[in-house]
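Structural features, examined
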Amino acid sequence: MLLSAYLSKRFRASSGSNDEKNGFVSFIAKASTIGILLGVAVLIVALSVINGFEQQLVHRLLSVVPQVEYVAPNRPIDNWPDKVQKLSEQRGVTGAAPFISVNGMAQYKSELKAVEVRGVEPALESDVSAVNQFTHGKLVSQISEDEIILGQQIVKQLGVKQGELITLLIPQVNEISTEILAPKRVTLSLAGIIEMGGPIDSSAAFIHLSKAQSVLGYEPLQVTGLRLAVTDVFQAHQIALRVGQTIDDYVYISSWFRTQGSLYQDIQMVRTIVYIVVFLIIAVASFNIVSSLVMEVREKQANIAILKTMGAKDSTILATFILQGLSQAFIGVVLGSFIGVIVALNISELFTLLSQLLGSNPLEGVYFIEFLPSKLVWQDIVITVIVTFVLAVLATIYPAWQATRVDPAKVLGN
């Protein structure tokens, strides 16, 4: 093996000579190395960004949006404290809270904005939602009956400031006839602002549960739904079905898979596509090694023949050219991994800087976050390196085998 390594090093050095043919072989070898470098770097960065989006989905979006909900379609849920206590004791449930949800309009002076009004119990809401982490001013867990907390985009569109009064317009439903009733008007003080980034900022409006009950004419122990937080968000649907059997009310069962599931599936689909496409790029770059080694073998036929006449074994010749191909892949993998890791660790800052230079953010108002997240997973790097080396080994086998078939009598006889 030491002899093979030495011969590989000598052959590689001679390929970089000024000779026209050797120069072309060296160019092909360097091109394959650069291709592997770029493929490895791109794959590491792309997977880090995808991992970052998945992490933000779980720890940011799914910590605020309902993980599991039981919504009464016809009549309110009665005696919610007992049912919340019962649900919170179930296996896989970390918290339960009541809510009243209704669509409405927020008005400030002449400006109107559609909002999703949610009446919550302040003492219990923090058990099922991390919205307090993204709230400025008064927190949702501190809200009083005469206060409201709105998303940042709503506040921006209305032009209202914290502490000022706004009006909520709540539609009324006439259950006896189809007559359209005038909406109920509720005046509340803006106590806090939710700044999370994404669609929630443009729709969320939180008020006290008792206020929502009085506006809609509910009894103090009546709500429209119950919300759960679960131990494993990826098992939320199974937990929702199992736990839902413990309550007697007729309810619709909903989990985040229904409201945000398409986003999670998109992330996984992109991950699969990235794996396939970039590994194909790495495969093409790796198999460029075939071209460079085939030409190398042709150029070094005389050297191979001399080595054979001196007693070199076929295994030595085979290992020589395999090591030469792997050396090209090794350089590409090491440099690609280094560049990929550096970019992955700093891509959030680079994206922010680029957005500032361009004067626009392509993620603003599109996704649930307005920055480019990144989470470097070392297992991804290990898998990338292993697969790249496997492809490189496969690419070197045929040219190396061809080198062992060189006939010294034919080559030296000419």
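Let us look at the structure shown here.

The rules behind each value
Residues numbered from 1 in each chain as written. Predicted model: local features only at pLDDT ≥ 70, side-chain atom pairs only at ≥ 80, totals over all residues. Heavy atoms only, no water. 1 Å grid on protein atoms, 1.4 Å probe; cavity = no way out; pocket = protein on both sides within 12 Å on 5 of 7 lines; lining within 4 Å. Points joined across faces, edges and corners; volume = space filled by probe spheres on them. Helix = DSSP H or I, 4+ residues; strand = E, 2+ residues; numbered from the N terminus. Core = buried A, V, L, I, M, F, W, Y, C linked by side-chain atoms within 4.5 Å. Buried < 20%, exposed > 50% of the residue type's maximum accessible area, 1.4 Å probe, protein only. Domains from an automatic or database assignment. Arc of directions from axis to C-beta. Polar contact = N/O pair within 3.5 Å; in protein donor to acceptor, adjacent residues only side chain to side chain. Contact = heavy atoms within 4.5 Å. Salt bridge = Lys/Arg side-chain N within 4 Å of Asp/Glu carboxyl O. Pairing = 2+ DSSP bridges.

**A word on empty space enclosed by the protein**
Enumeration according to the criterion identifies one cavity of 30 Å³ or more in this entry. Considered as a void within the structure, the largest cavity measures approximately 70 Å³ in volume. For the largest cavity, the full set of lining residues is Val102, Val117, Leu168, Ile170, Val186, Leu188, Ile207, Lys211, Ala212, Val215 and Leu216. If you tally residues by element for the lining of the largest cavity, the top one is helix H6 (residues 209–216), at four residues.

**Focus on the nonpolar core**
Of all hydrophobic cores here, the largest spans 105 residues; its most connected members are Tyr70, Leu87, Ile148, Leu150, Leu168, Phe206 and Leu228. Shared between two domains, this core takes at least three residues from each, and those domains are domain 1 (1–60 + 264–413) and domain 2 (73–250).

**Some thoughts on helix H7 (residues 236–244)**
Those residues of H7 that fall on the buried side of the exposure criterion are Ala236, Ile239, Ala240, Val243 and Gly244. Across the axial projection of H7, the buried residues extend over an arc of 120°, all falling on one side.

**Some thoughts on the side chain of Thr384**
Here Thr384 shows up in helix H11 (residues 378–404). Here Asp380 takes part through its backbone oxygen, which lies 2.7 Å from a polar atom of the side chain of Thr384. With sequence-adjacent residues up to four places away left out, Thr384 is seen in contact with Val40, Leu43 and Phe279.

**Brief notes about the pattern of salt bridges**
Under the definition given, this model contains seven salt bridges. Salt-bridge contacts for Arg118 lead to Glu69; the nearest nitrogen and oxygen are separated by 2.4 Å. One end of the pair, Arg118, is in strand S3 (residues 111–120); the other, Glu69, is in strand S1 (residues 68–71), and 49 residues separate them in sequence. Comparing Arg118 with Glu69 shows no difference in burial state: the two are buried. When the shortest N-O distance is used, the salt bridge between Asp78 and Arg75 registers 3.1 Å. Among the residues examined, Asp78 registers a relative accessible area of 25% and is labelled partly exposed.

**Section: the pairing of strand S8 (residues 204–208)**
Counted residue by residue, S8 has five buried out of five residues, so it is predominantly covered. Two elements, S3 and S8, share five bridges in a ladder whose sense is parallel. The partner of Val120 across the bridge, within S8, is His208. The pairing of strand S5 (residues 147–151) with S8 spans three bridges and is antiparallel.

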